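Descriptive analysis of the structure
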Amino acid sequence: MKFHFISSNTSEAIKAKEEYIKSYNQTDPELADMIIPIGGDGILLKSLHDFNELNKPFFGINYGSIGFLMNSASNKDLKEVIKNSKSTDLKPLKMTAKDEDNKIYDSIAYNEVSLMRQSHQASKFQIKINETTRMKELICDGVLVSTSAGSTAYNLSAHGSILPLDSKLLALTPISAFRPRRWRGALLSEKNIIKIKVINFKDRKVSVTADNIEFRNIKEVTIQSSQDKNCKILFDNNHSIEDKILNEQFEY
């Protein structure tokens, strides 16, 4: 079994990467059987974006703070741990954004797509689902659309719902909603196409971020589940992501 190791910039992750390379050797990503990100969720998401075209499985090892999508570091033989691990497919979001100059940006997101105000003024959004206007005006700091895998990240911090991996749902969640103040968001089938328009986009600037990729001065964003770009992530058999998601719902 051949590995390609990649780490975040922390000293702990870099040192761990060096130790893993000494023990298991380093292989070019194109020739490796497995991509091994070392660090936190950020380095895993970056690896998914960088290497998804190679159609390789990923096994993340946590040397970050939370590492929800990562596996705990272990002294066990890495090959044996991976051999007995459980596979989970992550389906990303496909995002198409248009800025105020009508320039088009495309990206994918394995966690979430989020729109955020760029100034001190609250943002104003119109939300359409399958070309039907469901909310004429949402006044807030921002709004996000999350996958089930990303529902315990930014979405949960914004008081969005946690989604089981097999739910085939997307979470549409406002960030600091001002009007309507009591709106907490919506759960939508992944078959839906979500279009978010920025009202008064020239006066109230808005950026959009797909995982860690940002575009600014946006006036319209279309979000839907991607039919390709799926990635396979492996989890230690004793610590599946399904268990992590379940545990999050009972923590207080």
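Presented here is an overview of the structure given in this document. (Residues numbered from 1 in each chain as written. Predicted model: local features only at pLDDT ≥ 70, side-chain atom pairs only at ≥ 80, totals over all residues. Heavy atoms only, no water.)

1. Observations regarding the pattern of salt bridges
Stated precisely, the cut-off is as follows: Throughout this description, the term salt bridge denotes a Lys or Arg side-chain nitrogen within 4 Å of a carboxyl oxygen of Asp or Glu. We count a stretch as a helix when DSSP gives it H or I for four or more residues in a row; a strand needs E for two or more, and each element gets its number in order from the N terminus. Burial here depends on accessible area, computed with a 1.4 Å probe over protein chains only, as a share of the maximum for the residue type. Under 20% is buried, over 50% is exposed, and the range in between is partly exposed.
Within the structure shown, the criterion is met by eight salt bridges. Here Lys229 and Glu53 are joined by a salt bridge, their closest N and O atoms 2.3 Å apart. In this pair, Lys229 sits in the loop between β17 (218–225) and β18 (231–235) while Glu53 sits in the loop between α2 (41–51) and β3 (61–62), placing the two residues 176 residues apart along the sequence. In this structure Lys229 comes out as partly exposed when scored by relative accessible area, which is 29%.

2. Describing the environment of Asn55
Tracing the backbone shows Asn55 in the loop between α2 and β3. The spacing of Asn55 and Leu144 is 89 residues in sequence and 28 Å in space, taken between C-alpha atoms.

3. What to know about the sheet that holds strand β4 (residues 71–72)
The condition is simple: Two strands qualify as a pair provided that DSSP identifies no fewer than 2 bridges between them.
The parallel open sheet is built from four strands, whose spatial order is β1-β2-β3-β4. The open sheet terminates on both sides in strands that have one partner only, identified here as β1 (3–7) and β4. Relative to strand β2 (residues 34–39), β1 is paired through five bridges, and the arrangement is parallel. If you follow His4 over to β2, its bridge partner there is Ile35.

4. Concerning the side chain of Thr152
The following threshold applies: Whether two residues are in contact is decided by their heavy atoms, any of which lying within 4.5 Å being enough.
Inspection of the secondary structure puts Thr152 in the loop between β11 (142–146) and α4 (154–157). With a relative accessible area of 14%, Thr152 lands in the buried category. Those residues in contact with Thr152 that sit more than four places away from it in its chain are Phe68, Ile162, Ile245 and Glu248.

5. Points about the pairing of β18
Of all five residues in β18, four are buried, a share of seventy percent or more. One ladder, built from five bridges, connects strand β5 (residues 86–90) with β18; its direction is antiparallel. Each residue of the ladder has a partner; that of Thr88, found in β18, is Ile233.

6. What about unusual backbone geometry?
Negative phi values dominate among residues other than glycine, just as trans dominates among peptide bonds. Following Arg179, the chain continues into Pro180 via a peptide bond in cis, with omega recorded as -10°. Examined against the element boundaries, Pro180 turns out to sit in the loop between β12 (169–175) and β13 (186–189). For Asn217, which is not a glycine, the phi torsion comes out positive at approximately 55°. The topology assignment puts Asn217 in the loop between β16 (213–215) and β17.

By themselves, these figures tell us nothing about what the structure is for.
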